[in-house]
Every structure is written in C-alpha cells, then in structure tokens.
Amino acid sequence: MSEKVFDVAVVGATGNVGRTMISILEERNFPVGRLYLLASARSAGSVVKFRGEEVVVEDLAEFDFSKTQIGLFSAGASVSDVYAPKAAAAGCIVIDNTSRFRYDDDIPLVVPEVNPHAIANHKVKGIIANPNCSTIQMMVALKPLYDAAGIDRINVCTYQAVSGTGKAAIDELISQSSDVVAGKNTRSEVYPRQIAFNVLPHIDVFQDNGYTKEEMKMVWETKKILEDDDIRINPTTVRVPVVNGHSEAVHIETRKKLTAQQARKLLEEAPGVVVIDERCDGGYPTAAIDGAGSDAVYVGRVRDDISHERGLNLWVVADNLRKGAALNSVQIAEILVKDYLT
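Residue numbering note: each chain is counted from 1, following its sequence as written. The model is predicted, so local features are restricted to residues of pLDDT at least 70 and side-chain atom pairs to those at 80 or more, both for listing and for counting; the totals for chains, interfaces and linings are taken over all residues. The side-chain numbers reported here are obtained from all heavy atoms of the structure, hydrogens and water having been left aside.

A. Quick look at the overall build of the protein chain. What counts as a helix is a DSSP run of H or I of at least four residues, what counts as a strand is a run of E of at least two, and both are numbered from the N terminus. In terms of regular secondary structure, the protein chain is built from 8 helices and 13 strands. Note that the radius of gyration is over C-alpha atoms, with the globule rule given as 2.2 Å times the number of residues to the power 0.38. For 342 residues, the compact-globule estimate of 2.2 N^0.38 gives 20 Å, and the protein chain sits close to it at 20 Å. Buried residues in the protein chain amount to 54% of all 342 residues. In summary, the charge assignment counts Lys and Arg as positive and Asp and Glu as negative, without counting His or the chain termini. Lysine's charge is taken at NZ, arginine's at CZ, aspartate's at CG and glutamate's at CD. Taken together, the 37 basic and 46 acidic charged side chains of the protein chain have centroids lying 1 Å from each other. For every residue, the accessible area obtained with a 1.4 Å probe (protein chains only) is divided by the maximum for its type, and the residue is called buried under 20%, exposed over 50%, and partly exposed between those limits.

Okay, structure coming up:
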C-alpha cells in the first residue's frame, strides 16, 4: 500500500456500518491522515474513538469535502443522492455503500475479490458503488467457480440477520425474544410480523413481478459485477432471528461440468474464502459462530446436485456488517490508494 496518507470522511459515522468502517480502518492500518466523521445534525457533537484519539462527529450538511480525498458513505440512499455528487465534485472519491448508484452504467459496482479492474472507471463520476450485502458474499464464493466452469443459473435462498435493517431491528428482536420467553404478547414496529422465533420470507418492498427489491438487487448486481447478462438468477431473501451474519443456500448450474471435489479445491485457494466442509455433525460454518465478527466468506456443504448433471450446492456465510458492507468498502479504498492515487 502507498506510504502516502489520505484524508478520509466517513458519512453515517454513528450507524452500525459507519462504526464498523471506522474500526476496520484502524484494524487494517489504512493510511489515514485525518479522519472526518460525519452524520446528521442530531448526531453531531458525539465522540468516536479512532487510534486512541477522540474524534468529534461533525454535521454532514456543513462539511467541505474538498478537505478529503476519500469518502466512505453509509447513511442511506437519500443522503448519498444529495451528498455523494457534491463530494465527488469537490474532488473526493466516494465509495458508496447504499443502493443509490449501483445501477448507474457509469459507476463501477465492485467486489475486490471479483472485479477489482472495475475500480478504474471511478474517474467518470468520482463514485464507486458497494453491492448489497447478500450479493457480495455470494459473489466471493462463486467467482472461482464461475471462472473455472461458467455459471448458467443461480438459485439462492438467503437467511439474513436483523442487523442488516439497523439497531432498531436488533432491539426489536431482543425485546420480542424476552416477551416470548415470558409468555407475553409481542409488538412489531420494525418488521411487519414478529421476528423473534420466526422467519419472514420478505425483505424490502414487493415488485410487480412478485419478487422483493432485495431479491431483484441480487439479480441486477450479479449480472453487472460478472459482466454477464446471460446468467440467470432466482433468489428468495428471508429475514431470520439472528443478530449478525447472513447465510445463503446457493444452488448453481455450471456451463461445464464441475464436481464438488473440484469446486472445493478451487474454493480453498480463493481469496477471501474459508472452507469448512466436513461431512459430520457441526462440520459447516454458521452465522453466529463463524460469520459474525470475521472478515472471511465461509463456504460449506459443498456437494453435487443429485437432480442436475451440472449442479452444485453450497452453504455460504459471512458477516453482513463487515464483508457485506464496511470491509468491502475499505478493501475498495485500499486498491484505490495502491493503484490509482499513488
């Protein structure tokens, strides 16, 4: 990485992803010169620690982005819609973790282990988009298999943690769980139905085709990241009563035959992937034990699909706040400073 330092702004610094971004910048020794923490006026004045120092959160609306070279945005699509173009116009390269710019043809959508070459296109608008959390972990796991044999079709069911919705959702899960154990009635404010001890086959708003927007994100983003409009994706996204860590049951049909043994070897050698695949009780990764708090994408249950001659099955687990959001953004920034800002 470059020996130069760069002034960095974190937008949405007091949220779950923003705080994770700050900790990852410190953990990975990112070459930060000065760190600016930005949030709404309501959060301005609060203090966050970085490298042993207290950094005061500033009001985003009053900030001058010409003081920074990199902006890590994670404060919601409506905030990015207003402030990301302003930051880019001021010379700050924006890495945006919201859905606002993912489908803009002039803005690269990047998973560093999959399509780092796309970062070069940041010069067009000064913005790089971070994919959806469920797409990121699936892409990291499928890229080595895609390169080896191609993929004709993906059938995926996700099991997504409540932290993907935010702190209020975590609080609701904990509160409802206590109420259920105590035999009390539960109240649902964040989700349309009780999430404690339950599974909701619904994330984001429903579309005209019967899929939800979260499901369609996986379709649109996979095609863009792999630069393959022919690949077919059939997702079902599900919210589960897990605090942190997304899981996915992924079934693929490859274009060339690829055995489970071959796939396992490719995955063991793939960057960012850890294989836990023992055919015994507990010989597989889980969200709470392996995914949460980890940077890796874990893969297990690798097996041939007995219903399709070119089918494979995978179980994929990752921390949605880290690899699914904050870490992916920082990894993009690391490539940016290494290859484009030196």
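Structure's up, so let's keep going.
B. Seen up close, a nonpolar patch on the surface. Think of a patch as exposed residues, more than 30% relative accessible area, with no salt bridge, where like charges cluster within 9 Å and nonpolar side chains (Val, Leu, Ile, Met, Phe, Trp, Tyr) cluster within 5 Å. All accessibility values rest on the Shrake-Rupley procedure with a 1.4 Å probe; residue burial counts only the protein chains present in the view. Any Lys or Arg side-chain nitrogen located within 4 Å of an Asp or Glu carboxyl oxygen qualifies as a salt bridge. Residues Val180, Val181 and Phe197 make up a contiguous nonpolar surface patch of roughly 310 Å² in combined accessible area. Along the chain, Val180 turns up in helix α4 (residues 167-181). By relative accessible area, Val180 is classed as partly exposed at 30%.

C. Examining the side chain of Thr212 more closely. Inspection of the secondary structure assignment puts Thr212 in the loop between α4 and α5 (213-226). Nitrogen and oxygen atoms within 3.5 Å of one another constitute a polar contact, given that in protein one can donate a hydrogen and the other can accept it, and given that sequence-neighbouring residues count only through two side-chain atoms. A distance of 2.9 Å separates a polar side-chain atom of Thr212 from the backbone oxygen of Ile203. It only takes one pair of heavy atoms within 4.5 Å for two residues to be counted as in contact. Leaving out residues up to four positions away in the same chain, Thr212 has contacts with His202, Ile203, Asp204, Val205, Phe206, Gln207 and Thr237.

D. Here's a closer look at the sheet that holds strand β8 (residues 151-160). Two strands are counted as paired when DSSP detects at least two bridges linking them. The strand order β9-β8-β10-β13-β12-β11 describes an open sheet built from 6 strands, whose pairing is mixed. A strand with exactly one partner marks an edge of an open sheet, and here the two such strands are β9 (232-239) and β11 (273-275). Strand-to-strand twist of the sheet, defined as the mean angle between neighbouring strand axes without regard to direction, takes the value 20°. With 8 bridges joining them, β8 and β9 adopt parallel strand pairing. When the sheet's bridge partners are listed, Ile154 is paired in β9 with Ile233. The strands touched by helix α6 (residues 260-268) within the sheet are β11, β12 (297-304) and β13 (311-318), with β12 carrying the most contacts at an inclination of about 165°. Lines fitted to the C-alpha atoms define the axes, with helices restricted to the stretch that makes contact. Angles between their N-to-C directions range from 0 to 180 degrees.

E. Focus on the packing of helix α3 (residues 133-149) against α5. Direction vectors running N to C along α3 and α5 enclose 40°, while the axes themselves pass 10 Å from each other. Between α3 and α5, the crossing angle belongs to the class labelled oblique. Regarding α3 and α5, the two cross each other, and that crossing is right-handed. Across from Ser134, Thr135, Met138, Met139, Lys143 and Tyr146 in α3, the residues of α5 making contact are Glu214, Lys217, Met218, Glu221, Thr222, Ile225 and Leu226. Under the convention adopted here, Pro, Cys and the residues Ala, Val, Leu, Ile, Met, Phe, Trp and Tyr are nonpolar, Asp, Glu, Lys and Arg are charged, and Gly plus all remaining residues are polar. Of the residues in the contact of α3 with α5, the class split is 6 nonpolar, 3 polar and 4 charged. Any angle from 65 to 115 degrees is called roughly perpendicular, while one under 35 is roughly parallel, one over 145 is roughly antiparallel, and all others are oblique. Handedness of a crossing is defined here by the sense of rotation of the near helix relative to the far one, left-handed for an anticlockwise turn of less than a right angle and right-handed for a clockwise turn.

F. A look at the nonpolar core. The set of buried Ala, Val, Leu, Ile, Met, Phe, Trp, Tyr and Cys residues whose side-chain atoms join them within 4.5 Å is what this entry labels a nonpolar core. Phe65, Leu142, Ile154, Val250 and Leu314 are the most contacted members of the largest nonpolar core, which has 55 residues in total. With 9 residues, α3 is the single largest residue contributor to this core. Not counting residues within four places of it along the chain, the set of residues in contact with Phe65 comprises Ala9, Val11, Leu38, Leu60, Phe73, Ala87, Ala90 and Cys92. Ile24, Phe30, Phe50 and Ile119 belong to the second-largest nonpolar core, a separate cluster that totals 37 residues.

G. Here's a closer look at the sheet that holds strand β5 (residues 70-73). In space, the 7 strands of this open sheet follow the order β3-β4-β2-β1-β5-β6-β7, with mixed pairing throughout. With one partner strand each, in any of the chains shown, β3 (47-50) and β7 (127-129) form the two edges of the open sheet. Taking the axes of each pair of neighbouring strands and ignoring which way they run, one obtains an average angle of 25° across the sheet. Relative to strand β6 (residues 93-96), β5 runs parallel, the two being bridged by 4 bridges. Note that in β6 the partner of Phe73 across the bridge is Asp96. Packed onto the sheet, helix α1 (residues 16-27) meets β1 (6-11), β2 (32-39), β3 and β5 and runs at close to 25° relative to β3.

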